[in-house]
Amino acid sequence: MDCLQDWPEPVVRVQSISESGAQSIPERYVKPPSERPSDTSVCGDSGGAGIPVIDLSMLGRCSQTVRAVSDACREWGFFQVVNHGVSAELMRRARAVWKGFFHQPMDVKQRYANSPKTYEGYGSRLGIEKGAILDWGDYYFLHFRPLTLMSHEKWPSLPPSLSRATTDEYGRELTRLCGRVMRILSEGLGLEEGRLGAAFGGEEVGVCMRVNFYSKCPQPELTLGLSSHSDPGGITVLLVDDRVKGLQVRKDGAWVTVQPIADAFIVNVGDQIQVLSNAVYRSVEHRVLVSATDERLSMAFFYNPRSDLPLAPVPELVTPDRPALYQPMTFDEYRLFIRKRGPRGKSQVESLKTVE
């Protein structure tokens, strides 16, 4: 892990560039033409379709909920959930207090500056490749589980409204929701409801959160808030700004802009679920656009397998007609890829394939 001790260049905060009044973005943030949001050969019209919206209030009384989630994971890799059991007041409070952190003075935020060794804390880049083209965003990364990694001392205590109790409560509620989603995913594969959770390590799962802050950008057509990638972990539960759009999902070669619903969560399948399901469920590339007129905050909650546990397709989903598509690998080994190189489409999960 020595190669991940420090950043290769001085870290510049995107928010500082944005608030400086600059009329153009530094070259470090200008994407190649093929990756820019204005590239009409990549961006496509969704034709009115969007990621599925699923009501979890009927779960346990209606098998259609399981089927709807299963279909969404096979066809989109994404869905929105409503009536999910997490209080709207907590969602709004968590979002508001984290926005408060990003509007603290820079010297306050700098107290929590992170390193690529763990990424925990206040950061502005993913990957340690020197000279890499960067994304237009800052973030705060923290751990909830395992408890040996969770440290309240590494969580912001300012502003006063950013009580650690709010973040703790949010973590507990989202962990519970992720457990429900994992059981639904298992049932949708025809497995026992606890099967995927057991493959993740049961109670020894890894749980963490990255709060993303996308500042106003003077040239949003040239850059991205977050480059195209699939999530390396298990499942992601995303709380977004329901006024400002930004998330796009790749579907049939086109980029579909997600229309956020108030008090809903956006859920997506990560690479580890694709591996465990033997590619029945698909992790899907997504990216984030930025705006010239609006800042945007999102809270990405990651529910991951125990980091030292080798993961491979579950035996129940391996048949002579559908052999195991992936070789075993621990999540510790897997996530080194994105920590070193940053978001790179689906190149990492594709590299694990054992057959063409």
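Bear in mind the structure is a predicted one, so any value in this text is a computation, not a measurement. (Residues numbered from 1 in each chain as written. Predicted model: local features only at pLDDT ≥ 70, side-chain atom pairs only at ≥ 80, totals over all residues. Heavy atoms only, no water.)

Focus: the layout of surface pockets
Spelled out, the test is: Using protein atoms alone on a 1 Å grid, points that fit a 1.4 Å probe yet trap it form a cavity, whereas open point sets bounded by protein on both sides within 12 Å along at least five of seven lines form a pocket; residues with an atom within 4 Å of a point count as lining. Grid points are joined across faces, edges and corners, and a volume is the space filled by probe spheres set on the points. Strands are runs of DSSP state E lasting at least 2 residues, helices are runs of H or I lasting at least 4, and numbering of each runs from the N terminus. In this classification, the charged set is Asp, Glu, Lys and Arg, the nonpolar set is Ala, Val, Leu, Ile, Met, Phe, Trp, Tyr, Cys and Pro, and all remaining amino acids, among them Gly, are polar.
Volume-wise, the second largest pocket comes out at about 390 Å³. Along the walls of the second largest pocket sit 20 residues, with Arg145, Thr175, Arg176, Glu203 and Tyr303 positioned nearest its centre. Sorting the residues of the lining of the second largest pocket by element identifies strand E4 (138-145), helix H5 (164-188) and helix H6 (195-199) as the ones contributing at least two each. No other element matches H5, which puts 8 residues into the lining of the second largest pocket. In terms of residue class, the lining of the second largest pocket is made up of 7 nonpolar, 6 polar and 7 charged.

Things to note about the sheet that holds strand E11 (residues 286-288)
Rules: At least two DSSP bridges between two strands are needed for those strands to be called paired. Axes here mean lines fitted to C-alpha atoms, for a helix over just the part in contact, with angles spanning 0 to 180 degrees between N-to-C directions.
Within the open sheet, the 4 strands sit side by side as E6-E11-E8-E9. Their pairing is antiparallel. The sheet is open, and its two borders are formed by strand E6 (226-229) and strand E9 (254-257), each paired with just one other strand. Within the sheet, the average angular offset between the axes of one strand and its neighbour, ignoring direction, is 25 degrees. Pairing analysis gives 3 bridges linking strand E8 (residues 247-251) to E11, with the strands arranged antiparallel. Across the sheet, the residue bridging to glutamine 248 is arginine 287, located in E11.

Overview of helix H2 (residues 63-75)
Definition in use: The span expected for a helix works out to 1.5 Å for each residue beyond the first. Only protein chains enter the accessibility calculation, which uses a 1.4 Å probe; a residue whose area is less than 20% of its type maximum is buried, one above 50% is exposed, and one in between is partly exposed. This arc is built from the directions going out from the helix axis to the C-beta atoms. Residue contacts are defined here by distance: any two heavy atoms, one from each residue, within 4.5 Å place the two residues in contact.
The terminal C-alpha atoms of H2 lie 18 Å apart, and with 13 residues this matches the ideal 18 Å at 1.5 Å per residue to within 8%. Residues of H2 that are buried include every one of Thr65, Val66, Val69, Ser70, Ala72 and Cys73, and no others. Projected onto a plane normal to the axis of H2, the buried residues spread over an arc of 160 degrees and lie on a single side. Residues of H2 that are exposed and point over 90 degrees away from its buried face: Ser63 and Gln64. Along its buried surface, H2 packs onto strand E1 (53-55), strand E2 (78-82), H5 and strand E10 (265-269).

Some thoughts on unusual backbone geometry
Across the junction of arginine 145 and proline 146, the peptide omega takes the value -5 degrees, indicating a cis bond. Of note, tyrosine 119 is a non-glycine position whose phi angle comes to about 70 degrees, a positive value. By the element assignment, tyrosine 119 lies in the loop between helix H4 (106-110) and strand E3 (121-123). Accessibility expressed as a relative area gives 5% for tyrosine 119, which makes it buried. Even without being glycine, asparagine 278 reaches a positive phi, approximately 55 degrees. Within the secondary structure, asparagine 278 is located in the loop between helix H7 (271-276) and E11. The class of asparagine 278 is buried, set by a relative accessible area of 0%.

Some points on empty space enclosed by the protein
A full pass over the atoms with the stated rule returns 5 cavities of 30 Å³ or more. Along the wall of the second largest cavity there are 16 residues; nearest its centre are Asn212, Leu226, Leu238, His286 and Ala300. At the level of elements, strand E5 (206-214), E6, strand E7 (235-239), E11 and strand E12 (296-304) are the ones that each hand at least two residues to the lining of the second largest cavity. No other element matches E12, which puts 4 residues into the lining of the second largest cavity. Split into classes, the residues belonging to the lining of the second largest cavity amount to 7 nonpolar, 6 polar and 3 charged.

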